[in-house]
Amino acid sequence: MNSRVLVTEVGQVVAGTVVCALVLPFIVDVHTATLLTVYAMLALSLGFIWGFGGILCFGQAAFYGLGAYTYALAAINFDGAWAAFGLAILVPAAFAGLLGALMFYGRLSDVYLAVVTLVVTLILFKFFNSTAGPSYRIGEARLGGFNGIPGFPTLTVPGSPDTYIYGAGLFYFTIALLALVYLGLRLTLLSPFGRIVVSLRENEERTELLGYDVRFYKSAAFAVSGGIAGLAGCLFANWAEIVTPGLFSLGQSAEIIIWVIVGGLGTLIGPMIGAALLGYLKFALGHQSVVDNSFIMGVLLIVVVLFLQEGLVPTVTRFAKLGLRRSSSKNSRRQSRRKRIVSDVR
Amino acid sequence: MSGDVVLETTGLTVRFGGVTAVDGVDFALRERELRCLIGPNGAGKSTFFKCLTGMLTPSEGAIYLRDEAVAGLAPFQLGQRGVGIKTQVPSVMNGLSVHENVWLAARRRKGDANAATLSALEAVGIADLRRETVGQLSHGQRQLVELAIVLAGKPWLILLDEPAAGLSGEEVERMVGILRGLVKHATLIVVEHDMHFIRQIAETVTVFHQGRIIAQAPVEDVLEDPLVRDVYLGRSR
């Protein structure tokens, strides 16, 4: 990758992030904006592994929940919340890497993989739901069963342990992290590792025939995706200041998939936009009781699958390009006509 | 005959339930040799080919690659040992550009991957297509892309399954030229049906029938063999 590409990529991401950070708080309050940003990161994690690696993971919520729980448990047990922050990324990444290795080295793929990841999520959901007793504790922290873990220390400004990162601070911190993750994924996809991950989606057999150990690359990509979902979970824990087994729920898993489909599979921007839009819609619908939330989400998914099969972002991009091409060809026709007129006059 | 034996199978057998697709095949291939495998449908040549590529694990027998037992190794492990494989149906990445397809193979070897990519594309005569998306190319062009992918990895042993299938007359001529050039640097096995194509490239032909090798000789001799004519070409009247 040459430095020009790098500068362009960084420039685009920084510009986009600044615009979003300035505009979003005018559309929704920072509390909601933070959550939408967390959702965007969670959708990005699935958008990477599914849209680029071709691996449909039905259990992204497992890594999200693990990230949140790891943060809460570690923050109670350790002195610094930043150690908990690091663990909240590492533990889900390691768990995803291990689960991925078990599946990919076992040559599991397609629907079987989706089922296994879903079952793992449901097992975690059931497990954390049934940890209400006092015996279920890790160090000082009780798992809390259905009620989850409240009241753990949240992130503080480094060097100032009494200054908590919350409100607008948490929003800017979250959006900066989202930009970093997005930039990291864009650069990863331009790297040899990223090209191999994309080649897995395109043709796993050919990738293997070229001498690449596809099991290793799939496990590694799965771990990266799990780590990002874990980071989203950690940020959610800091936003909500409570973690509950609901993070591992079937509804949460399904919602992430809907965000990615609606936003646009095979893009990085699409899943983020899908998550933010649908997340916002969910809040807006939450203010009324006429129609059920899930019903609207289901209808929306059907509409997108039927009429916008590529998803929002690829469809809008295609139409924008088409419009640009038309206007540029109109302009060039107009210019050539003007030239002809000028030459006739001369 | 060329150099040392570089690929050998002994008693290679593949069974699918009660059906024996490959039945105790002993096969040897010397360095810089181009060997064609022929036989009627169901003769076992494709199953034999899949064992050599690591896509199938033999039920019995051994495969030696430069004296190393490789039966049961995964395709990527054979790829890492310098075996280039072209499958019957073009196995390419349709969503990527021609350049990206070949580059992924070229970067596995030492040196400038971009230069190696261009050189492989020029060798098969599709350098002008390098920016095209592979999925938008014709079947024949995709066959050539796959061949470029194989060449870019600089393999010493090349296994080609029906490389002439679906090619136009001009493309077949180009393929013949490429294979003739390749045999100066590599050892080749070609599974093929097209006898006209085989006549142009092969020195020795191995004929499969009912999972066994029934003949192995220079192409003209094989074509005169009454048994081969009977089982494969049809009995002469």
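Every value quoted in this text rests on a predicted model; they were computed, and no experiment measured them. (Residues numbered from 1 in each chain as written. Chains lettered and ligands numbered in written order. Predicted model: local features only at pLDDT ≥ 70, side-chain atom pairs only at ≥ 80, totals over all residues.)

Attention shifts here to unusual backbone geometry. Positive phi, normally seen in glycine, also occurs at A:Glu241, with a value near 60 degrees. Looking at the secondary structure, you find A:Glu241 in the loop between α9 (214-240) and β6 (242-243). A:Glu241 sits in the partly exposed class, given 14 other C-beta atoms within 10 Å. Residue B:Lys154 is not a glycine yet carries a positive backbone phi of 50 degrees. The residue B:Lys154 is located in the loop between α5 (139-152) and β7 (157-161) in this model. (Helix = DSSP H or I, 4+ residues; strand = E, 2+ residues; numbered from the N terminus. Buried ≥ 20, exposed ≤ 12 C-beta atoms within 10 Å, placed from the backbone.)

What follows deals with the environment of A:Ala88. Residue and element names in this part refer to chain A. For alanine 88, the position within the fold is in helix α4 (residues 81-105). The exposure class assigned to alanine 88 is buried, which follows from the 30 C-beta atoms found within 10 Å. Beyond its immediate stretch of four places on either side in the chain, alanine 88 contacts Gly67, Thr70, Tyr71, Gly230, Leu231, Gly233 and Cys234. (Contact = placed C-beta atoms within 7 Å.)

Moving on, we come to the pairing of strand β9 (residues 204-209) of chain B. All names here are of chain B. Of all the 6 residues making up β9, 5 are buried; the element is thus mostly covered by neighbouring parts of the structure. Here 4 bridges tie strand β3 (residues 34-38) to β9, and the two strands are oriented parallel to one another. Bridged to isoleucine 38 within β9 is valine 207. In this structure, the hairpin formed by β9 and strand β10 (residues 212-218) is closed by a connection of 2 residues, where glutamine 210 is found at a positive phi of approximately 50 degrees. (Pairing = 2+ DSSP bridges.)

Taken together, the contact pairs 16 residues of chain A with 17 residues of chain B. Contributing elements (two or more residues each) for the side of chain A that touches chain B: α7 (192-202) and α8 (204-209) of chain A. If one sorts the elements of the side of chain A that touches chain B by residue count, α7(A) sits on top with 6 residues.

A few words on the sheet that holds strand β8 (residues 187-191) of chain B. All names here are of chain B. Here 6 strands make up an open sheet; going across it, the order is β6-β7-β8-β3-β9-β10 and the pairing mixed. Single-partner strands in this sheet number two, and they are β6 (83-86) and β10. In this sheet, adjacent strand axes meet at a mean angle of 15 degrees when their direction is disregarded. Of the pairings in the sheet, the one linking β6 to β7 comprises 4 bridges and is parallel in character. The partner of glycine 84 across the bridge, within β7, is isoleucine 158. Set on the sheet, helix α1 (residues 45-53) makes contact with β3, β6, β7, β8 and β9; between it and β7 the angle comes to about 145 degrees. Along the sheet, α5 contacts β6 and β7; its crossing angle with β6, the most-contacted strand, is approximately 175 degrees. (Axes fitted to C-alpha atoms, helices over the stretch in contact; angles between N-to-C directions.)

On to the nonpolar core. Soluble globular proteins tend to bury their nonpolar side chains together. Judged by nonpolar contacts, the single largest core of 168 residues is most densely connected at A:Met41, A:Ala43, A:Leu44 and B:Ala148. With residues up to four places along the chain from it excluded, the contact list for B:Ala148 reads B:Val102, B:Ala120, B:Leu121, B:Val124 and B:Ile126. (Core = buried A, V, L, I, M, F, W, Y, C linked by C-beta atoms within 7 Å.)

Turning our eyes to something else, we now look at the sheet that holds strand β5 (residues 68-69) of chain B. Residues and elements named next belong to chain B. Pairing within the open sheet is antiparallel, and its 4 strands lie in the order β2-β1-β4-β5. Two strands bound the open sheet, and with one partner strand each, they are β2 (19-30) and β5. In terms of strand pairing, strand β1 (residues 5-16) meets β2 through 8 bridges, oriented antiparallel. Note that in β2 the partner of phenylalanine 16 across the bridge is valine 19.

With that settled, consider the environment of A:Gly97. Residue and element names in this part refer to chain A. The residue glycine 97 is located in helix α4 in this model. Glycine 97 gets classed as partly exposed once you count the C-beta atoms within 10 Å, which come to 19. Linking glycine 97 and glycine 227, residues 130 residues apart in sequence, is a C-alpha distance of 9.2 Å.

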